[in-house]
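The primary structure of each chain is shown beneath.
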Amino acid sequence: MAVLPLAPIDRIIRNAGAQRVSEDARQTLRDAAEEFASKVSRRAVELARHAGRKTVMETDIKLAAKEFL
């Protein structure tokens, strides 16, 4: 089940310059964004645990995101 609503996804695409956005395009970007966020989150949790913390910090997210970009 999708977590992110489609309206913000539509705005992201439109802010990138699109005049019109298909439903399939919104759903595909949403799915890709959720997959990316899930991967980054799992890695950030690993980094926090490795540091001996239960709390995921901003630095964990930034480090994890760099690995996937």
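Residues numbered from 1 in each chain as written. Predicted model: local features only at pLDDT ≥ 70, side-chain atom pairs only at ≥ 80, totals over all residues. Heavy atoms only, no water.

### Overview of helix α1 (residues 6-15)
Given 3.6 residues per turn, any residue in an α-helix points the same way as the ones three and four places further on.
Moving on, step 1. Buried within α1 are the following residues: I9, D10 and I13. Projection of α1 onto a plane perpendicular to its axis shows the buried side chains occupying an angular sector of 100 degrees, all on one side. More than 90 degrees from the buried face of α1, the exposed residues found are I12 and N15.
Moving on, step 2. Against the buried residues of α1 lie α2 (23-50).
Moving on, step 3. Where α1 terminates, the next one or two residues include G17, which has phi positive at roughly 120 degrees. (Buried < 20%, exposed > 50% of the residue type's maximum accessible area, 1.4 Å probe, protein only. Helix = DSSP H or I, 4+ residues; strand = E, 2+ residues; numbered from the N terminus. Arc of directions from axis to C-beta. Contact = heavy atoms within 4.5 Å.)

### Focus: the side chain of D10
Moving on, step 1. With respect to the element layout, D10 can be found in helix α1.
Moving on, step 2. Within the structure, D10 has its side chain in polar contact with the side chain of R14 (distance 2.6 Å). (Polar contact = N/O pair within 3.5 Å; in protein donor to acceptor, adjacent residues only side chain to side chain.)

### Looking at the nonpolar core
Moving on, step 1. One finds V40, A44, L47, A64 and A65 forming the largest nonpolar core, which totals five residues.
Moving on, step 2. Each residue touching A44, except ones within four places of it in the same chain, is listed here: V56, D60, I61 and A64. (Core = buried A, V, L, I, M, F, W, Y, C linked by side-chain atoms within 4.5 Å.)

### Some details on a nonpolar patch on the surface
Moving on, step 1. Taken together, the side chains of F36, F68 and L69 make up a nonpolar region of the molecular surface, amounting to roughly 330 Å² of accessible area.
Moving on, step 2. Here L69 is to be found in the segment after α3 (58-68).
Moving on, step 3. Look at L69 and you get exposed, because its relative accessible area is 80%. (Patch = residues over 30% accessible without salt bridge, like charges linked within 9 Å, V, L, I, M, F, W, Y side chains within 5 Å. Areas by Shrake-Rupley, 256 points an atom, 1.4 Å probe, with all protein chains shown as cover. Salt bridge = Lys/Arg side-chain N within 4 Å of Asp/Glu carboxyl O.)

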